[in-house]
Amino acid sequence: MPVSSGVRKRIKELLDPDDEIHYVFPADILGSTNPSVFFAVTRKTITILTTGYLSRKTPKRVVSTTLRNQRIGPVDTSTVPWFKFNGIDYEIDDEYIAVVHAADAEIMRDGAKPEDPLPDL
């Protein structure tokens, strides 16, 4: 199920007001006592927001911000879908695999272009 407009609104309140949200998806930190987070992929950053202890559906605060110049995945789908981002293992629901791939494709779009074979011409 897509992330609700209420959750997106709350996330927007916690981000830079000049930034624009491109993708949002929930994830769980493997092995954590407070596992639920949201990834907010914006024009400028990849921001991870915690939900706190009492609710898995309400973002409470920003716990990490990374510049938008790196991939989130790849997502390992051999068991429960998971990926490693900044040294931490995250688990996601099947329906959000496409969101991670879309966010990664957006950042890799320029990196996927081949080098100019004759740069001096």
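Procedures and definitions
Residues numbered from 1 in each chain as written. Predicted model: local features only at pLDDT ≥ 70, side-chain atom pairs only at ≥ 80, totals over all residues. Heavy atoms only, no water. Salt bridge = Lys/Arg side-chain N within 4 Å of Asp/Glu carboxyl O. Helix = DSSP H or I, 4+ residues; strand = E, 2+ residues; numbered from the N terminus. Polar contact = N/O pair within 3.5 Å; in protein donor to acceptor, adjacent residues only side chain to side chain. Contact = heavy atoms within 4.5 Å. Expected span 1.5 Å × (residues − 1). Buried < 20%, exposed > 50% of the residue type's maximum accessible area, 1.4 Å probe, protein only. 1 Å grid on protein atoms, 1.4 Å probe; cavity = no way out; pocket = protein on both sides within 12 Å on 5 of 7 lines; lining within 4 Å. Points joined across faces, edges and corners; volume = space filled by probe spheres on them. Nonpolar A, V, L, I, M, F, W, Y, C, P; charged D, E, K, R; others polar. Phe/Tyr/Trp six-rings, centres within 6.5 Å; stacked < 30°, edge-to-face > 60°.

> Would you mind going over the pattern of salt bridges with me for this structure?
Opposite charge on two side chains permits them to pair, given that their charged atoms come into close proximity. As enumerated under the stated definition, the model contains six salt bridges in all. Arg 71 serves as the salt-bridge partner of Asp 104, at 3.7 Å between the closest nitrogen and oxygen. Of the two residues, Asp 104 is situated in helix α2 (residues 97-108) and Arg 71 in the loop between β4 (61-67) and β5 (82-85); the sequence distance between them amounts to 33 residues.

> Help me out: how do you make sense of the side chain of Arg 68 in this one?
On the secondary structure map, Arg 68 appears in the loop between β4 and β5. Side chain to side chain, Arg 68 and Glu 106 meet in a polar contact 3.2 Å long. The contacts of Arg 68, once residues within four sequence positions are left out, are Val 41, Thr 42, Arg 43, Lys 44, Thr 45, Ile 46, Ala 103, Glu 106 and Ile 107.

> Mind showing me how you'd approach α2 here?
Note: α-helices contain 3.6 residues per turn, so residues at a spacing of three or four share the same orientation. For α2, built from twelve residues, the straight-helix expectation of 16 Å at 1.5 Å per residue is met to within 8% by its first-to-last C-alpha distance of 16 Å. Three or more residues of α2 are buried, namely Ile 97, Val 99, Val 100, Ala 103 and Asp 104. Along its buried surface, α2 packs onto β1 (21-29), β2 (36-42) and β5.

> Quick question: what am I supposed to make of the layout of surface pockets here?
A water-sized probe, rolled over the atoms, reveals where empty space remains. Of the pockets and cavities examined, the largest pocket occupies roughly 430 Å³. Looking at the largest pocket, it is lined by 18 residues, and the ones nearest its centre are Pro 26, Phe 38, Arg 56, Lys 57 and Tyr 96. Sorting the residues of the lining of the largest pocket by element identifies β1 and β2 as the ones contributing at least two each. In terms of residue class, the lining of the largest pocket is made up of ten nonpolar, two polar and six charged.

> Can you walk me through the environment of Arg 61 in this structure?
By the secondary structure assignment, Arg 61 is in strand β4. Here the alpha-carbon distance between Arg 61 and Arg 10, two residues 51 residues apart in the chain, equals 9.8 Å. Ignoring any residue separated from it by four or fewer positions in sequence, one finds Arg 61 in contact with Leu 14, Ile 48, Leu 49 and Thr 50.

> Looking at this structure, how should I read the packing of aromatic side chains?
Between two aromatic rings, the relevant description is the distance of the centres plus the angle of the planes. This structure, assessed with the given rule, holds six aromatic pairs. Relative to Phe 39, the ring of Phe 25 has its centre 4.9 Å away and its plane inclined at 5°; by these criteria the two rings are stacked. Within this pair, whereas Phe 25 is found in strand β1, its partner Phe 39 is found in strand β2, the two being separated by 14 residues in sequence. Per residue, the accessibility class of Phe 25 equals that of Phe 39, and both read buried. A centroid spacing of 6.3 Å and a plane angle of 70° characterise the contact between Phe 25 and Phe 83, whose relative ring orientation is edge-to-face. Remark: Phe 83 occurs in strand β5 and Phe 25 occurs in strand β1; sequence separation between them is 58 residues. Judged on exposure class, the residue Phe 25 and its partner Phe 83 are both buried.

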